[in-house]
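This is what each chain is made of:
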Amino acid sequence: MADYKPTEMMTIAAARLLKNDDICFVGIGQPSAACNLARLTHAPEITLIYESGTLATKPTVLPLSIGDGELCDTALTTVSVPEMFRYWLQGGRIKVGFLGGAQIDKFANLNTTVVGPYDKPKVRLPGGGGAPEIATSCGEIFIIMAQGKRSFVEKLDFVTSIGHVSGGDSRQKLGVKTKGPTKLITDLAVFAPDPQTKEMIVVSIHPGVTREQIQENTGWPVKFAAKVDETPAPTAKELDVLRELHARTNRAHAAA
Amino acid sequence: MADYKPTEMMTIAAARLLKNDDICFVGIGQPSAACNLARLTHAPEITLIYESGTLATKPTVLPLSIGDGELCDTALTTVSVPEMFRYWLQGGRIKVGFLGGAQIDKFANLNTTVVGPYDKPKVRLPGGGGAPEIATSCGEIFIIMAQGKRSFVEKLDFVTSIGHVSGGDSRQKLGVKTKGPTKLITDLAVFAPDPQTKEMIVVSIHPGVTREQIQENTGWPVKFAAKVDETPAPTAKELDVLRELHARTNRAHAAA
Amino acid sequence: MARITSLSEAIAGAVHDGDTVALEGFTHLIPHAACHEIIRQGRKDLTLVRMTPDLVYDQMIGMGCVKKLVFSWGGNPGVGSLHRFRDAVENGWPHKLEIEEHSHAAMANAYEAGASGLPCAIFRGYIGGDLPKVNAKIKRVTCPFTGEELAAIPSHRPDVAVIHAQRADRAGNVMIEGVLGVQKEAVLASKRSVVTVEEIVDELPERSLNAVVLPHWTVGHVAMVPGGAFPSYAQGYYPRNNSFYKAWDDIAKDRDSFHAWMKTNVLDKGPDAFAQYARKHKAAAE
Amino acid sequence: MARITSLSEAIAGAVHDGDTVALEGFTHLIPHAACHEIIRQGRKDLTLVRMTPDLVYDQMIGMGCVKKLVFSWGGNPGVGSLHRFRDAVENGWPHKLEIEEHSHAAMANAYEAGASGLPCAIFRGYIGGDLPKVNAKIKRVTCPFTGEELAAIPSHRPDVAVIHAQRADRAGNVMIEGVLGVQKEAVLASKRSVVTVEEIVDELPERSLNAVVLPHWTVGHVAMVPGGAFPSYAQGYYPRNNSFYKAWDDIAKDRDSFHAWMKTNVLDKGPDAFAQYARKHKAAAE
């Protein structure tokens, strides 16, 4: 087995979930790495959309910002931001949206707004950006987040974007017709919603990771699926393509 | 004095009302002829916008339709029709709108929808098109219509677009902030609203036309301003430019 | 997901009796060939949506395909009446035609709202006129911040949109240039779509970074029909045939001459009949 | 009506103390030079509107120009926090900062509604989250046709919009290409505008029939500032300087190093300081 970092396993596990005919609303960072890894390996025709308006873009290096020139240069076309949010996101044309956050709870609700009270924040985070509507407008949501007790919490300080709300059918009761978070990919495991309760439960554990480690890095009592898989380790090809992508990206960003 | 037709006088009288810095929403037919005559004579920088989305267009021949390729080829740029109606017309960016119709009343309300009852029409006309919102969104409205008892009527069969509604401040009472029809240019005269009553009254009579002729061709008792001007006759240059424009247009449309 | 097919396959697959259909094209890129194919395939009970019904709907109405018309301006641009439309409304010939009448602003906003996945559009409009009295779909909403009353209309969500465009690539990405009308919105607002194009190319040409492109996964059937917009036009390919629009006035005035023209030029022909117009004018332009 | 002036004249004429100001540019074409000029001219009590406050608002907040911020994502893209923004919100330094927080969808819709002359925007959003609890400007309207509850927010109508674009012609027609963001909407929604451009040309170049152009009569001041978007970018002129964005993290973390940088690079400089970036990268690209 090749030597690799937990974040590499996380990116690769996320990339594998993507299919050739998916239409993805891609965020910067891990989602962008995962989507482009998928595109450069098993899903060459995947459609990547960044909220800056770039439709069907094929960047050769990862963008640092959501609107790097690279994204526009390699896109099928680029639309305005109002059009992106009206015709493309709200229009229901995106199959998979990616989200992450500073805090997540067991129903995959996310906080990217504030740690501590809103009016007297301990840490003021960037805020929701596209997340509140990505969370409800995309066909389904993949969440990518490294685990830790400060981020996987019992109760969010602020609900920036909803996952399965308070579980069960509480999401549908809000009038939302999309699936919400169907996968949560961490550096330790893959979670998916329990079909009834909608609590995110572990369905696959990355190689070498124990159930105890997962619990230690989660702020609520973790549930495991009846049958838990072991995530296949990264292949040499996956690691090569991902590392070369990051290396290309670092060279390009240092040069700019 | 040159020999000319009443419709030529009408077009020329309308063209003279336009200024170099006007931004006009141009309809097909007489308005298009008047606007382009103005552009080819005293107002070379006038901005002409057609509802097909062509901004600042400079056609060399008159378009037959509102979206002839000629308009697009000579435009600064062309926007989509939703954008035209949202950002440009509703956005309040048009100073002068042109309207005409099958019927007009003394408050310059217009009917382009139907003669006879709506559900059992004697003549089904094309309908409102852009008129209902042009009438309320443009800074002011110029109406161009040949006079006749069947078109200048006491009561409209259908109100497609409003002018001064029932006169006085009835237009403002509807919440409309634009001026409405400030000029009505006919083949016999020019009308403008009485400052108080808002009834369209004659302010200028074309050369050789009598007050009786105007009354005979109007379905309501016509009022005349305290001081009525005589419209200056078309100059040789105005007639030349207009006739050459029409000739060019006819050659182009016959060839297509 | 785009599928490249023949026009007859496209219409057979996407347009069914009783559908709500939007043939769009604002004077430019009007899908005449697709209109003829719908007529040839004998579709019935259609609800037709279109800002400017134009010759295409005059023909479909006259041939008895249409149950209801949703529109904002029903004339022959720069020429006069649509005689088949008038005959249906005034005399119920060939049968009664239900109409739902709007303004251009309302129609454009309804398409835009449909493309945006919204149930309704709001805009400042329909103030003081009689249209709201004869169209129950025109309502009012109050701005919760200013108290201003705005017009509200349901968004357009047709079963199928039919448009013509300059070109598509082999994946089915469709590129449109020039007078754009509401075509992009109509396709995005509809469940299905048929796009006829002047040509299908291996790759879309060098283009503006902000070119108007419908990605292949937003498009249904794509069919190559050169000249398929004639007598409307395709910017960069052939000009509008203004003479034909003028000639249509005489053809359509009379029921018999209309039927004779339709038999000769539509029923007895196929989509390839349009190719001559593409070739002639393209050659002339070069 | 466009007037071509110097940048200092443009800011002096268009941006006043207490104004609501929208500097826009979605990662691309961010008006850095104009931001610096506003700081140099010592504007106070501004209400700043911007989807992604970014380095420009971090600088204006840190320099004490800002009373209130209306925004949807306040970070350094791909890098992390905006430290001056955080210091203001968390510690009230250099003074208390009022915030009105939205989502991107809300902000984009609010500009679009402003450009459309509407008092409010409606969209499907803000479902289930906490933002409506802390922002009183988020309300609901009910679709009169389906009964669906939609989010409603007031449209943005800033006093002045400030944007950067690739080029203008001598009449002041402004052309924008690439990532368009909400710049066109911001200018159309605002009472006044300042547009900095990479170059002013006799005539706009050969362009797409549907090029994004702001006509001169929709634009206020136009000032030529080559490199004026640096370290953001101008597609076709110079790329985004991602290294600078990373470096900003260290510069802005500390109040003293922030002030030292602002003194050296903003207060003691003029708009011509940006020209080096334009030249360097344009040359490299050729």
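Residues numbered from 1 in each chain as written. Chains lettered and ligands numbered in written order. Predicted model: local features only at pLDDT ≥ 70, side-chain atom pairs only at ≥ 80, totals over all residues. Heavy atoms only, no water.

Colleague: For the overall build of chain A, give the residues involved together with the corresponding values.
Modeller: Within chain A, the regular secondary structure consists of eight helices and 14 strands. For chain A, whose C-alpha radius of gyration is 18 Å, the value lies close to the compact-globule estimate of 18 Å for 256 residues. If you line up chain A on its principal axes, its C-alpha atoms span 45 × 45 × 35 Å. The buried share among the 256 residues of chain A stands at 63%. For chain A, the share of sequence-separated contacts (at least 6 apart) that also reach a separation of at least 24 residues comes to 64%. Split by element, the accessible area of chain A, about 9300 Å² in all, is 54% carbon and sulfur. Of the charged side chains in chain A, 28 are positive and 27 negative, and the gap between their average positions amounts to 4 Å. (Helix = DSSP H or I, 4+ residues; strand = E, 2+ residues; numbered from the N terminus. Rg over C-alpha atoms; globule rule 2.2 N^0.38 Å. Buried < 20%, exposed > 50% of the residue type's maximum accessible area, 1.4 Å probe, protein only. Contact = heavy atoms within 4.5 Å. Areas by Shrake-Rupley, 256 points an atom, 1.4 Å probe, with all protein chains shown as cover. Lys, Arg positive; Asp, Glu negative; His and termini not counted. Charge placed at Lys NZ, Arg CZ, Asp CG, Glu CD.)

Colleague: Just give me the short version of the domain arrangement of chain C, but keep the residues and values in it.
Modeller: Residues and elements named next belong to chain C. Domain assignment breaks chain C into domain 1 (3-101 + 157-281) and domain 2 (104-154). Counting from both sides, the interface comprises 20 residues of domain 1 and, opposite them, 13 residues of domain 2. Summing the contributions of domain 1 and of domain 2, the shared interface buries around 1200 Å²; its carbon and sulfur component is 67%. Of all residues in domain 1, the largest losses of buried area upon contact with domain 2 belong to Met51, Glu101 and Arg157, amounting jointly to 36% of the total for that side. The interface formed by domain 1 and domain 2 holds one salt bridge in total. Of the charged contacts in the structure, one is a salt bridge between Lys137 and Glu100, with a shortest N-O distance of 3.2 Å. At the junction of domain 1 with domain 2, the criterion picks out four residue pairs in polar contact (both at pLDDT 80 or more). At the level of secondary structure, the elements contributing two or more residues to the side of domain 1 that touches domain 2 comprise β3 (46-50), β4 (66-71), β7 (98-101) and α7 (183-189). (Domains from an automatic or database assignment. Buried area = accessible area lost by both parts, 1.4 Å probe. Salt bridge = Lys/Arg side-chain N within 4 Å of Asp/Glu carboxyl O. Polar contact = N/O pair within 3.5 Å; in protein donor to acceptor, adjacent residues only side chain to side chain.)

Colleague: Requested: an account of the sheet that holds strand β10 (residues 149-154) of chain D, with residues and values cited.
Modeller: Residues and elements named next belong to chain D. Read across the open sheet, the three strands follow the order β8-β10-β9; overall the sheet is antiparallel. Here the strands that pair on one side only, and so sit at the sheet edges, are β8 (120-123) and β9 (139-142). Neighbour-to-neighbour, the strand axes of this sheet turn through a mean angle of 40 degrees, independent of strand direction. Pairing of β9 with β10 involves four bridges; the strand directions are antiparallel. (Pairing = 2+ DSSP bridges. Axes fitted to C-alpha atoms, helices over the stretch in contact; angles between N-to-C directions.)

Colleague: Can you break down the pairing of strand β4 (residues 66-71) of chain D residue by residue, with the values?
Modeller: Residues and elements named next belong to chain D. Extensive coverage of β4 is indicated by the burial of five of its six residues. Bridge analysis of strand β3 (residues 46-50) against β4 gives five bridges, and the strand direction is parallel. In the sheet register, Thr47 faces β4, and the bridge partner there is Lys68. On the question of chirality, the crossover connecting β3 to the parallel β4 by way of helix α3 (residues 54-62) is right-handed. Across four bridges, β4 lies against strand β7 (residues 98-101) in parallel orientation. If you follow Lys68 over to β7, its bridge partner there is Glu98. (Right-handed = clockwise from strand over helix to strand, strands pointing away.)

Colleague: Can you lay out the nonpolar core for me, pointing to particular residues and giving the numbers?
Modeller: In terms of nonpolar packing, the biggest core is built from 340 residues, with C:Met60 and D:Met60 touching the most fellow members. When near neighbours in sequence (up to four residues on either side) are disregarded, C:Met60 contacts C:Leu23, C:Cys35, C:Ile38, C:Ile39, C:Leu46, C:Leu48, C:Cys65 and C:Val66. (Core = buried A, V, L, I, M, F, W, Y, C linked by side-chain atoms within 4.5 Å.)

Colleague: Summarise the sheet that holds strand β10 (residues 149-154) of chain C; cite the residues concerned and give the values.
Modeller: Residue and element names in this part refer to chain C. Spatial ordering of the open sheet is given by β8-β10-β9, a layout of three strands whose pairing is antiparallel. Both outer strands of the open sheet, β8 (120-123) and β9 (139-142), are each paired with one neighbouring strand and no more. Direction aside, the axes of adjacent strands within the sheet are offset by 40 degrees on average. Bridge count between β8 and β10: four bridges; the pairing is antiparallel. Its bridge partner being in β10, Ile122 is matched across the sheet by Ala152.

Colleague: Any details on the packing of helix α3 (residues 54-62) of chain C against helix α8 (residues 242-253) of chain C? Residues and values, ideally.
Modeller: Residues and elements named next belong to chain C. Contact pair α3 / α8: the axes reach a minimum separation of 11 Å and the direction vectors enclose 20 degrees. On the basis of the axis angle, α3 is roughly parallel to α8. For the pair α3 and α8, the sense of crossing is left-handed. Residues Asp54, Leu55, Asp58 and Gln59 of α3 form the contact with α8, whose participating residues are Phe244, Tyr245, Trp248 and Ala252. Residue composition of the contact of α3 with α8, grouped by class: five nonpolar, one polar and two charged. (Parallel < 35°, antiparallel > 145°, perpendicular 65-115°, else oblique. Left-handed = near helix turned anticlockwise from the far one by under 90°. Nonpolar A, V, L, I, M, F, W, Y, C, P; charged D, E, K, R; others polar.)

Colleague: Give a description of the side chain of C:Asn210 that names residues and reports values.
Modeller: Looking at where C:Asn210 falls in the secondary structure, it is placed in the loop between β13 (192-201) and β14 (212-214). Exposure remark for C:Asn210: the relative accessible area of 12% places this residue in the buried category. The contacts of C:Asn210, once residues within four sequence positions are left out, are A:Thr77, A:Thr78, D:Ile176, D:Glu177, D:Gly178 and D:Leu180.

Colleague: Describe the interface of chain A and chain D, listing the residues and the values that go with them.
Modeller: Facing 44 residues of chain A, the contacting portion of chain D comprises 48 residues. When chain A packs against chain D, the two sides together hide about 3800 Å² of surface, and 60% of this comes from carbon and sulfur. Where chain A touches chain D, the interface holds two salt bridges. Note that A:Arg124 and D:Glu101 form a salt bridge whose closest N and O atoms lie 2.6 Å from each other. There are 21 residue pairs in polar contact (both at pLDDT 80 or more) connecting chain A and chain D. Elements supplying a minimum of two residues to the side of chain A that touches chain D: α3 (69-73), α4 (81-90), β9 (123-124), α5 (131-137) and α8 (236-255) of chain A. Looking at the side of chain A that touches chain D, the element that brings in the most residues is α4(A), giving five residues. Here the side of chain A that touches chain D is composed, by residue class, of 21 nonpolar, 15 polar and eight charged.

Colleague: I'd like a rundown of the pattern of salt bridges, residues and numbers included.
Modeller: Under the defined criterion, the tally for this structure stands at 64 salt bridges over all chains. Here A:Glu238 ties to A:Arg16 by a salt bridge, and the two come within 2.7 Å at their closest N and O atoms. Of this pair, A:Glu238 sits in helix α8 while A:Arg16 sits in helix α1 (residues 6-16); the two residues are 222 residues apart in sequence, bridging distant segments of the chain. Two residues, B:Glu244 and B:Arg251, come together in a salt bridge whose shortest N-O distance is 3.4 Å. Of the residues examined, B:Glu244 reaches a relative accessible area of 35% and is grouped as partly exposed.

Colleague: Kindly report on helix α5 (residues 104-115) of chain C, identifying the contributing residues and their values.
Modeller: Residue and element names in this part refer to chain C. Taking 1.5 Å of rise per residue, twelve residues should cover 16 Å, and α5 covers 17 Å from first to last C-alpha, within 8% of that figure. A large share of α5 lies buried, amounting to twelve of its twelve residues. Downstream of α5 by one or two residues, Gly117 has phi in the positive range, about 70 degrees. (Expected span 1.5 Å × (residues − 1).)

Colleague: Tell me about the interface of chain C and chain B, and name the residues and values.
Modeller: Interfaces are frequently sized by the accessible area removed from exposure as the parts join. Counting residues at the interface gives 48 residues for chain C, matched by 44 residues for chain B. In this assembly, chain C packs against chain B so that about 3800 Å² is buried in total across both faces, 60% of it on carbon and sulfur atoms. Joining chain C to chain B, the criterion identifies two salt bridges. A salt bridge links C:Arg240 to B:Asp68, with the shortest nitrogen-to-oxygen separation between them at 3.9 Å. The interface formed by chain C and chain B includes 21 residue pairs in polar contact (both at pLDDT 80 or more).

Colleague: I'd like a rundown of the pairing of strand β10 (residues 140-144) of chain A, residues and numbers included.
Modeller: Residues and elements named next belong to chain A. Counting buried residues along β10, five of its five residues qualify, which places the element largely inside the surrounding structure. As paired elements, β10 and strand β11 (residues 181-185) share four bridges and run parallel to each other. Residue pairing across strands places Ile141 opposite Pro181, the latter belonging to β11.

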